[in-house]
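One letter stands for each residue in the lines below.
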Amino acid sequence: MFLNAWSLALTLTSIAGIVLGGIACRTAIRVLRHWNPASDSELQIRLEGEIWLSSTLVAYGLGFQIVSLILFVLAADEFCKVIVGAMCATGSLLANSYGMPALLVKLVGVFFYGFWIVLHQLDIRSESYPLVRTKYLYLLLLYPLMAADVTLQTLYIAGLKPDIITSCCAVVFAAATGGGTNLLTLGSENLQLLLYYLTMVLLLGLGGLLLWRWNRWLQALYAVGWFWFFGLALVVITNVISSYIYAMPYHHCPFCLLKPEYHYIGFAIYGTLIGGAFLGSSAGLVEPCKRRAGLAEVVASYQKRAVQISLILLLLFAALTSYHYLLYMASGGEV
Amino acid sequence: MNSALEKHLNILDYALSALWRHRLKNGGIVVVFAAVIFLVASFQLVTTALTETAGKVLAVTPEITIQRMSAGRQEAIPLAYAEKLHDIFGIRAVVPRVWGYYFDEVRGANYTVLGVSADMPQADELSRAVVGGVMGSGGQGKVVVGRAVSQALQLQPGQLFSLFRPNLSLKAMTVAGIFRPETDLLTADLIAMPLVEARDLFLIPASKATDLCVYISNPAEIGTIAEKISKLLPDTRVLTRPQIQKTYQVVFGWRSGFASVCLLAALAAFAILAWDKASGLSPEERREIAILKILGWETADVLAMRFWEGGLVAGLAFLLGCTLAYLHVVFFGASLFRPVLVGWSVLHPALSLAPHVTLKEVLLLLAFTVVPYLAVTVVPAWRAASVPAESALSG
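Parameters at a glance
- Residues numbered from 1 in each chain as written.
- Chains lettered and ligands numbered in written order.
- Predicted model: local features only at pLDDT ≥ 70, side-chain atom pairs only at ≥ 80, totals over all residues.
- Helix = DSSP H or I, 4+ residues; strand = E, 2+ residues; numbered from the N terminus.
- Rg over C-alpha atoms; globule rule 2.2 N^0.38 Å.
- Buried ≥ 20, exposed ≤ 12 C-beta atoms within 10 Å, placed from the backbone.
- Contact = placed C-beta atoms within 7 Å.
- Domains from an automatic or database assignment.
- Nonpolar A, V, L, I, M, F, W, Y, C, P; charged D, E, K, R; others polar.
- Axes fitted to C-alpha atoms, helices over the stretch in contact; angles between N-to-C directions.
- Parallel < 35°, antiparallel > 145°, perpendicular 65-115°, else oblique.
- Left-handed = near helix turned anticlockwise from the far one by under 90°.
- pLDDT = per-residue confidence, 0-100.
- Core = buried A, V, L, I, M, F, W, Y, C linked by C-beta atoms within 7 Å.
- Expected span 1.5 Å × (residues − 1).
- Bend = angle between axes of the 7 residues up to and from the residue.
- Pairing = 2+ DSSP bridges.
- Arc of directions from axis to C-beta.

## Topic: the overall build of chain B
Each helix and strand in chain B was counted, giving 14 helices and 13 strands. A compact globule built from 395 residues would reach a C-alpha radius of gyration of about 21 Å, whereas chain B, at 30 Å, exceeds it by more than 25%. Counting the 395 residues in chain B, one finds 40% classified as buried. Put simply, of all contacts in chain B between residues at least 6 apart along the chain, 81% involve residues at least 24 apart.

So, in structure tokens, the structure goes:
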């Protein structure tokens, strides 16, 4: 279903992303082959200039990726109007086997591009660019991810078969069975909520402890904790929290939160969650960079700032996700 | 944090003044870009508005329509078929309907003639859509006409007019009322009359109708009931309302997609223009950047300035293009593109379109226009930013 404004916009954004990525990778290959900080040849000076180009390109790539991620979910929501049996974005993403993987790759992409930008920002703070090789090797590894993203998205769009009336017989009933499909069904609601809030308290405690007294192991635990919390939060939002926001007990959908009917609350929820998870985990991931020449201080200050902001985002996220649940409980609701 | 913000504000300030200094060049880009955005946005808004209108109109149509097929063509359906459906639970009513097209040779226009039964569950909905009296049969059947028909035939309520039967005898009718403008998409070219009158006009035997409308109480049962009907009446085509709705959605989506593909050429032309404008650095601009570098600006700062410039140009063009598109669609009824989306019929429904603009549409338009613009200007921006400081001395 390519002849549709949404499919075209998605494809256009992806093409823009992959072309910019291609240019950045060309720089990456040149840097990996010819980089020599000791030299002052013309090539080296040109390469130092090109570093700016590649970083700008990746920054744009990240921006496009975020746009593409949001666009993809909104497009899925739009597609559900023409697909048999689909009632919202969940239905259209499950319409063929490429929808969910494409979404996942896009989401992962946001993290990976973001990490690259963090590395780059740390790198340029030092006179000697100690992370250049790591950074560009990483950039080259990002390209397959970009390619996978475009491929999955294209396959997904190509595989969408809209349900339209054919001239012979109009009846397509086979697929119309079944009501709302729920994405995940897991354990009891209370158990999930308990785990969710427990992890949140744990993360807050760890973050506070880290800010008070820095420790490498605590730092690693904090990063791992955020990864775990990110996955858990997505499950809990889908299974438990979403239905309180919709005020419909049987509607468990992580995507309808992004709709205007719910005041776009999803953007705030996912924005704080992704932002928090990114900063919280990146603070741990940059730890090995401390050993590079001239980076110890820069990395330490980044880590501190990242942990601080991630804690603030966590609190915001907690408030956003708990509000409807608490409101329901306070007004005498039953579990 | 504050100093970084301040720095960006200063860069933004500089970017604004730089834009103003080159206002002719940037103004040209804004105008062309706004025109491209205007085209894309108009199409998108018209599609949204049409889909919404179709959805609203279809909400009152019967849940299932049964048509008899013979040799792949639609034929009149015997009323006896309705009897066979009695045993299916969940059906509220089965109502016959007669409809067809009437070609007016004098005006070269096609009218849609619809004969409805008085026991149709939504008869009151129909009468609510009418200004004037109600339909009725008798010597000179009372009919309700759409606005386009009333204009074409210069009819007023209470007036008498006649149409030809297939055997060229004349059938006289009185105009009982005219449909309200809100339903123009469906009723502009419509002449609605009682079932008997329509049969008389088309000379269809009393035992037959064009199709059968099936009304169902519970919308969740539409699929199951449709399946049962298609098993019971194998020589029929069973159309359900959700399917018709989806088809409309696909058709409008397809048309707007097709239009967007055509507009891609305009977008590509614009991208080439933007690329060209951004990469052709005048000696003056080179000098400017070189002086900035001597003053202590870094490549990153110049890049940031270029980014702000691009962002401002794109933002301004986007606002301008979208506003114009909205005005075009809402106040001028999208007069530029309506034929493409609505059809080429002689009697055009005079639509009043009021698209419901949400964040979704805005993001779609941004991705369609601003993303390509930013993508093509990034490499030229870097090239400009990497002008060496010493070139100011040589120039």
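Following the structure, the description resumes.
## Some remarks on the overall build of chain A
Along its length, chain A carries nine helices and zero strands. Here the C-alpha coordinates of chain A stretch approximately 75 × 55 × 30 Å along the principal axes. Burial statistics for chain A: of 335 residues in total, 43% are counted as buried. For chain A, the proportion of contacts with a sequence separation of at least 24, taken over those separated by at least 6, is 73%.

## Observations concerning the domain arrangement of chain B
In terms of domains, chain B is made up of domain 1 (2-57 + 247-394) and domain 2 (91-216). The straight-line distance from the C-alpha centre of domain 1 of chain B to that of domain 2 of chain B is 48 Å.

## What to know about the interface of chain A and chain B
In this assembly, 36 residues from chain A lie in contact with 40 residues from chain B. For the side of chain A that touches chain B, the secondary structure elements donating two or more residues are α1 (5-34) and α2 (42-79) of chain A. Top element by residues in the side of chain A that touches chain B is α2(A). It accounts for 11 residues. Split into classes, the residues belonging to the side of chain A that touches chain B amount to 30 nonpolar, four polar and two charged.

## Points about the packing of helix α7 (residues 216-246) of chain A against helix α8 (residues 265-285) of chain A
All names here are of chain A. Two numbers describe how α7 lies on α8: the axes approach to 7 Å, and their chain directions differ by 165 degrees. Here α7 lies roughly antiparallel to α8, going by the angle between them. The way α7 lies across α8 gives a crossing that is left-handed. Here Gln219, Ala220, Tyr222, Ala223, Trp226, Phe227, Phe229, Phe230, Ala233, Ile237 and Ile245 of α7 come into contact with α8, specifically with Ile265, Ile269, Leu273, Ala277, Gly280, Ser281, Ala283, Gly284 and Leu285. When grouped by side-chain class, the residues that make up the contact of α7 with α8 number 16 nonpolar, four polar and no charged.

## Some words on the confidence of the model for chain B
Residue and element names in this part refer to chain B. A residue-level look at chain B finds 92% of positions with pLDDT of 70 or above and a mean pLDDT of 85. Confidence, read as mean pLDDT per element, is least for helix α12 (residues 338-342) in chain B (67) and greatest for strand β3 (residues 77-78) (93). For this predicted complex, the interface score ipTM comes out at 0.85, alongside a pTM of 0.83.

## Thoughts on the domain arrangement of chain A
Residues and elements named next belong to chain A. For chain A, the domain assignment lists domain 1 (5-174) and domain 2 (182-330). Measuring from the centre of the C-alpha atoms in domain 1 to the corresponding centre in domain 2 gives 24 Å. Between domain 1 and domain 2, the residue contacts involve 19 residues of the former and 18 residues of the latter. Of all the elements in the fold, those that place two or more residues in the side of domain 1 that touches domain 2 are α2, α3 (89-93) and α4 (99-124). Element by element, the count of residues in the side of domain 1 that touches domain 2 is highest for α4, at six residues. Here the side of domain 1 that touches domain 2 is built from residues that sort into 12 nonpolar, four polar and three charged.

## What about the nonpolar core?
Of all hydrophobic cores here, the largest spans 153 residues; its most connected members are A:Ala9, A:Leu71, A:Phe72, B:Phe33, B:Ile37, B:Val40 and B:Val371. Residues in contact with A:Ala9, not counting those within four places in the same chain, are A:Leu71, B:Leu364, B:Ala367 and B:Phe368. Formed by 44 residues, the second largest nonpolar core is a distinct cluster that contains B:Tyr111, B:Leu114, B:Ala188 and B:Ile191.

## Some points on helix α9 (residues 241-279) of chain B
Helix length check: α9(B), at 39 residues, gives a terminal C-alpha distance of 54 Å against a target of 57 Å (1.5 Å per residue), a fit within 8%. Where α9(B) bends most, at B:Cys262, the angle is about 30 degrees.

## Remarks on the pairing of strand β4 (residues 91-104) of chain B
Residue and element names in this part refer to chain B. Sheet topology note: the β4/strand β12 (residues 211-216) ladder contains six bridges and is antiparallel. Residue pairing across strands places Pro96 opposite Leu212, the latter belonging to β12. Relative to strand β5 (residues 109-116), β4 is paired through eight bridges, and the arrangement is antiparallel. Residue Phe103 lies in a different strand from β5, and its bridge partner there is Asn110. The antiparallel hairpin formed by β4 and β5 contains four residues in its connecting segment, where Gly108 sits at a positive phi of about 65 degrees.

## Remarks on helix α8 (residues 222-232) of chain B
All names here are of chain B. When we look at burial in α8, the residues that qualify are Ile222, Gly223, Ile225, Ala226 and Ile229. Down the axis of α8, the buried set is contained in an arc of 165 degrees. They therefore lie on one face. The inward-facing, buried residues of α8 abut β1 (64-70), β4, β12, β13 (236-240) and α9.

## Section: the environment of A:Ala247
Structurally, A:Ala247 can be placed in the loop between α7 and α8. Separated by 81 residues in the primary sequence, A:Ala247 and A:Tyr328 place their C-alpha atoms 8.8 Å from one another.

## A look at the confidence of the model for chain A
Residue and element names in this part refer to chain A. When pLDDT is averaged across chain A, the result is 87; 92% of the residues are at 70 or more. The element-level mean pLDDT for chain A is lowest in α3, coming to 84, with α8 highest at 94. Here residues 168-181 is modelled with pLDDT under 50, and outside its nearest four sequence neighbours on either side it reaches 27 contacts, counting other chains as well.

## A closer look at the pairing of β12(B)
All names here are of chain B. Among the six residues of β12, five are classified as buried, and the element is accordingly described as predominantly covered. Pairing of β1 with β12 involves four bridges; the strand directions are antiparallel. Within β12, the position partnered with Gln67 by the bridge is Asp211.

## Some words on the environment of B:Val214
Residues and elements named next belong to chain B. With respect to the element layout, Val214 can be found in strand β12. Sequence spacing of Val214 and Leu239 is 25 residues, and the spatial spacing of their C-alpha atoms is 10.0 Å. Beyond its immediate stretch of four places on either side in the chain, Val214 contacts Pro62, Glu63, Ile64, Ile66, Ile91 and Val94.

## Considerations on unusual backbone geometry
Residues and elements named next belong to chain B. Not every positive phi belongs to a glycine, and Ala71 is a case in point at roughly 50 degrees. Among the structural elements, Ala71 can be located in the loop between β1 and β2 (73-75). Looking at Ala71, the number of C-beta atoms within 10 Å reads 5, which means it is exposed. With phi around 50 degrees, Gln154 is a residue other than glycine that occupies positive phi space. Examined against the element boundaries, Gln154 turns out to sit in the loop between α5 (147-152) and β8 (160-164).

## Focus on the environment of B:Thr247
Tracing the sequence through the fold places B:Thr247 in helix α9. Residues B:Thr247 and B:Gly296, spaced 49 residues apart in sequence, show a C-alpha to C-alpha distance of 61 Å.

## With respect to the packing of α8(A) against helix α9 (residues 296-330) of chain A
When two helices pack together, their arrangement is given by the angle between the helix axes and the distance between those axes. Residue and element names in this part refer to chain A. Packing of α8 against α9 brings their axes to within 8 Å, and their N-to-C directions diverge by 150 degrees. Taken as axis vectors, α8 and α9 run roughly antiparallel relative to one another. Considering only the axes of α8 and α9, their crossing is left-handed. Residues Ile265, Ala268, Ile269, Thr272, Leu273, Gly275, Gly276, Leu279, Gly280, Ser282 and Ala283 of α8 lie in contact with α9, whose contacting residues are Gln303, Ala306, Val307, Ile309, Ser310, Leu313, Leu314, Leu316, Phe317, Leu320 and Thr321. Residues of the contact of α8 with α9, tallied by class, amount to 14 nonpolar, eight polar and no charged.

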